[in-house]
Amino acid sequence: MDLVTLEQQSFTATFVAYGAASLIYVIYLGYKNESFARLGTIATIIGLITNTAFLVLRWKISGHAPFVNGYEFLLSFTWGIAVIYLYAEWRYRMRIIGAFVMPIAWFLLAWIAMKMPEQARYAGNLMPALQSNWLTIHVATAMVSYGAFALSCGTSIMYIVKKVLEDNNSKSSFNKRLPSLDVLDDMSYKAIAIGFPLLSAVIITGAIWAEFAWGRYWSWDPKETWSLITWLVYAAYLHARFTYGWRGNKAAWMSVLGFAFVLFTFFGVNYFLSGLHAYGGL
Amino acid sequence: MPENRKKDATGAEERNLLTGKEGGSETGRNIIDIAWNFLSSMKLGIVLLLVLAAASIIGTIWVPRDMYGQPDYLKFYNHPVFNIILALLALNILVCSINRWKLIKSTLGGPSVAAAENIVKKSGEALKIKAEPAQTANQVRDLLKRKGYRIFSSQEGEVFKIASDKGHLGILGPYLTHLSFFIMIVAIVVKFSGLVGFDGQFAGWEGETYSLGDVHGIQNVDYDDYFDIRVNSFRTEYRPDGHEIKQWFSDVTVIDGDKETDFSIYVNQPMVYNGIKFYQSSYGHQYVGKYSGTAGEDQEFILGQGGQEYLWDEGTNLAFVPTGFEDETKKVKLQIYKGQQIVDEVDAVINQPVKYENVEVVFEGVRSYTVLSTKKDPGVPIIGAGSILLIVGVVISFILRQRKIWSIIRPDAKGALVEIGGVSAKDKRGLDSDLEEITAALKK
Ligand code: HEM
């Protein structure tokens with residue numbers, strides 16, 4: 001079997017594995033059975049392995065790090081989510097988080113599968129400006145950072161859900177099985193505490209690359225600007241948290257908002273704003 | 001100035017005594033005071049962060065255009081209003097940092113033993129231990145030390161008070177981060193003031209020697225630092241498929257007095273000389289040759305720079321458009337059009353004729369020029385230092401989270417009474433688990 005077929009199959013396998021993991025975790029929300037939930041972990045691990053295989057194969061095929069087109073970015077992003085999620089699951093010994101995090105990875109892949117045209121997926125050559133090790137470091141940091149923000153978003157959604165249930169004095173087993181509000185708040189913050197320094201590094205390595213490629217460490221290009229905006233939103237989160245004591249619900253909403261900005265930086269800029277440029281140029 | 005000014009919401013930002021300069025009228029001082037308080041408030045900080053974010057968003061949606069209709073982002077982001085927001089943020093950060101200096105000093109100095117009563121009353125837990133107070137105090141100190149706490153204690157008779165903390169250096173994290181942000185804003189403002197450095201452009205033909213004075217837009221460079229540049233060649237390297245460009249190279253020699261130095265400049269590999277950087281930015285070719293068309297006899301042509309864009313044969317309505325030149329194989333990349341329609345793409349080797357319908361074209365020579373963007377920006381090392389400081393600061397503030405534990409040990413009917421409690425702004429859970437472990441160990 002040639003590498004390209006193998007690569008396509010590793011994409012399919014990743015898609016199926018993350019889908020299975022999401023489904024199992026979601027079912028586990030209402031069906032408390034630990035050995036069943038363990039299947040979710042296994043599916044996630046399998047997905048991570050095939051996801052890694054995809055990236056390695058892509059690297060071999062194209063001869064450069066698989067961080068160049070939207071397809072490769074997405075698979076790097078899902079890789080980051082799976083790694084960070086598995087770390088959190090192991091660290092907190094809680095599989096229930098999976099129901100709120102792994103679907104994010106799966107939706108991203110589903111989105112590619114449905115939306116991305118065939119030719120946008122091909123491994124391409126690097127145009128001269130992209131031939132830089134800084135670019136590799138830049139995207140490698142981004143995927144872990146974004147994975148951490150995805151985890152923070154997932155745990156924040158859990159917080160918001162749990163808060164509603166608590167406020168309604170819910171005695172449901174679902175409510176009982178969600179971690180306590182304190183733990184959720186803490187997890188969500190800790191994930192940002194990992195994501196924020198990395199996001200700072202992402203912006204800085206991007207600036208270093210731009211300085212080498214164009215002689216401009218910062219040129220207010222929309223992608224750059226949106227990464228700065230995302231960073232400012234998380235900086236506001238941290239300040240509100242530590243100086244105003246914005247914890248709990250407000251912090252959770254801010255974390256969800258922050259992740260919406262991450263997603264916009266990731267997709268929106270390319271699909272909305274650069275579209276605007278293309279039309280503007282006509 | 002009244003000393004009992006209200007503290008910020010958390011009491012974290014203590015008023016700075018530095019501003020309380022003597023002299024000036026009461027109202028004058030009040031204005032300074034009000035301005036200072038305004039500039040040092042965290043509320044302003046958060047509002048500015050969000051305003052900056054909102055303004056940045058607007059700049060990516062409502063994009064100004066230059067005369068060619070290309071997006072010109074800088075027109076928005078260099079606008080004075082945007083710069084005022086940045087400057088206010090920088091000022092806010094600076095004032096905040098000055099204000100916090102006292103807090104930092106006292107944090108680094110360690111928690112105060114005197115605060116013990118208050119804390120253990122508010123957040124403490126009491127344990128009865130069957131042991132001498134002195135012995136118990138030693139045990140508490142030992143447990144804390146083993147967990148990496150710094151210990152400060154006092155003794156009055158048989159009452160021992162212990163203040164302890166760990167992760168106190170974490171408070172330097174935000175301080176460094178804020179300082180770095182301030183430094184970077186200053187570097188950017190200095191750059192846009194136009195007082196240092198420049199952004200320019202240089203275009204040169206192969207084989208020619210140019211002086212630095214030929215650089216378009218050169219400014220703020222000492223005449224003694226001038227040098228000459230000889231453009232040896234400009235090369236385009238194609239990938240094996242012959243279509244995609246792999247890299248552009250400008251081979252140049254810098255002639256500085258008697259000293260000659262060779263450089264190969266390519267994308268992602270600028271040349272730096274005397275603090276001036278040269279980046280591969282663009283290029284062009286001039287093609288010369290002969291063609292014979294429907295009109296019959298040979299005619300000479302010059303295409304590209306200094307000539308027409310393409311060769312057109314009236315009789316056949318064919319157009320020959322050179323789009324590039326591969327140096328290694330000496331091939332001109334040629335597109336052939338019939339009317340508006342592209343009909344063929346060929347590689348024309350130098351001195352070998354290309355024939356299409358009745359038209360024969362021979363390229364005899366290609367000469368290239370390179371366009372380099374040039375710049376001098378003394379702010380770059382400052383931005384670099386600021387970036388490192390930012391990362392160090394952010395990492396420190398997340399890794400080192402201060403936890404403070406106070407304990408009071410006094411004699412009790414059966415031995416000793418230990419009251420223990422603590423605070424941690426950033427790591428309540430870590431603190432709780434430390435307290436749990438310490439009390440568990442004491443109970444044993
Ligand atoms: C873009 C601008 C800013 C950035 C990137 C920034 C960054 C940070 C970071 C990373 C932290 C540490 C958070 C943590 O430890 O979890 C922090 C804390 C803090 N910042 Fe900022 N900040 C900015 C602007 C400001 C401004 C304008 C002010 C003052 C008005 C301010 C005041 C503070 C304070 C009081 C803290 C809390 C320190 C502590 O918890 O020990 N910051 N900032």
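One can find the structure itself at the top, above this paragraph.
Here goes a summary of the coordinates provided. (Residues numbered from 1 in each chain as written. Chains lettered and ligands numbered in written order. Predicted model: local features only at pLDDT ≥ 70, side-chain atom pairs only at ≥ 80, totals over all residues. Heavy atoms only, no water.)

Each helix and strand counted, chain A has nine helices and zero strands in total. If you list the helices and strands of chain A from N to C, you get α-α-α-α-α-α-α-α-α. In terms of overall dimensions, chain A has a C-alpha envelope of 60 × 50 × 35 Å along the principal axes. Expressed as a percentage of its 282 residues, the buried residues of chain A come to 59%. For chain A, contacts bridging at least 24 residues in sequence account for 76% of all contacts bridging at least 6. A total of about 11800 Å² of accessible surface is found on chain A, and carbon and sulfur atoms cover 68% of it. Measuring between centres, the 20 positive side-chain charges of chain A sit 9 Å from its 14 negative side-chain charges. (Helix = DSSP H or I, 4+ residues; strand = E, 2+ residues; numbered from the N terminus. Buried < 20%, exposed > 50% of the residue type's maximum accessible area, 1.4 Å probe, protein only. Contact = heavy atoms within 4.5 Å. Areas by Shrake-Rupley, 256 points an atom, 1.4 Å probe, with all protein chains shown as cover. Lys, Arg positive; Asp, Glu negative; His and termini not counted. Charge placed at Lys NZ, Arg CZ, Asp CG, Glu CD.)

This paragraph deals with the side chain of Asn175(A). All names here are of chain A. Looking at where Asn175 falls in the secondary structure, it is placed in helix H6 (residues 173–177). In this structure Asn175 comes out as buried when scored by relative accessible area, which is 3%. Not counting the four nearest positions on each side in its chain, Asn175 is found in contact with Lys162, Leu165, Glu166 and Ser170.

Let's shift gears to the interface of chain A and chain B. Across the contact, 49 residues belong to chain A and 50 residues belong to chain B. Regarding the contact of chain A and chain B, the summed buried area is about 4400 Å², with carbon and sulfur atoms giving 66% of it. The interface formed by chain A and chain B holds three salt bridges in total. Lys277(B) serves as the salt-bridge partner of Glu211(A), at 3.1 Å between the closest nitrogen and oxygen. On inspection of chain A and its partner chain B, the count reaches seven residue pairs in polar contact (both at pLDDT 80 or more). Those elements giving two or more residues to the side of chain A that touches chain B turn out to be helix H7 (181–214), helix H8 (222–243) and helix H9 (248–280) of chain A. Top contributing element to the side of chain A that touches chain B by residue count: H7(A), with 15 residues. In the side of chain A that touches chain B, the residues fall into 32 nonpolar, eleven polar and six charged. (Buried area = accessible area lost by both parts, 1.4 Å probe. Salt bridge = Lys/Arg side-chain N within 4 Å of Asp/Glu carboxyl O. Polar contact = N/O pair within 3.5 Å; in protein donor to acceptor, adjacent residues only side chain to side chain. Nonpolar A, V, L, I, M, F, W, Y, C, P; charged D, E, K, R; others polar.)

Across all of its chains, the model carries 40 aromatic pairs over all chains by this definition. Between the aromatic rings of Tyr77(B) and Phe82(B), the centroid separation amounts to 5.1 Å while the plane-to-plane angle is 85°, which identifies the pairing as edge-to-face. Side by side, Tyr77(B) and Phe82(B) carry an identical accessibility label, which is buried. Between Phe263(B) and Tyr273(B), the aromatic rings sit 6.2 Å apart at their centres with planes inclined by 85°, giving edge-to-face as the arrangement. Placement of the pair is Phe263(B) in strand S8 (residues 259–266) and Tyr273(B) in strand S9 (residues 271–273), with a sequence separation of ten residues. For Tyr273(B), a relative accessible area of 9% puts it in the buried group. Cluster of aromatic residues (ring-pair linked, three or more members): Phe11(A), Phe15(A), Phe54(A), Tyr71(A), Trp106(A) and Phe107(A). Against the face of Tyr92(A) rests Arg91(A), its NZ or CZ located 5.9 Å from the ring centre. One residue, Arg177(A), lies across the ring of Tyr28(A), its end atom 4.6 Å from the ring centre. (Phe/Tyr/Trp six-rings, centres within 6.5 Å; stacked < 30°, edge-to-face > 60°. Lys NZ or Arg CZ within 6 Å of the ring centre and 35° of its normal.)

All right, on to the coordination of the iron atom of the ligand then. Donor atoms from the polypeptide that bind the iron atom of the ligand are His239(A) (NE2) and His178(B) (NE2), placed at 1.8 to 1.9 Å. Coordination at the iron atom of the ligand comes from six donor atoms whose angles at the metal span 86 to 179°, giving a geometry best classed as octahedral. Of this pair, His239(A) sits in helix H8 while His178(B) sits in helix H7 (residues 172–192), each in a different chain. Residue classification places His178(B) among the partly exposed residues on the basis of a relative accessible area of 22%. (Donors = N, O, S within 2.8 Å, 3.2 Å for Na, K, Ca; no water. Tetrahedral: all angles 85-135°; square planar, octahedral: opposite > 155°, others 65-115°.)

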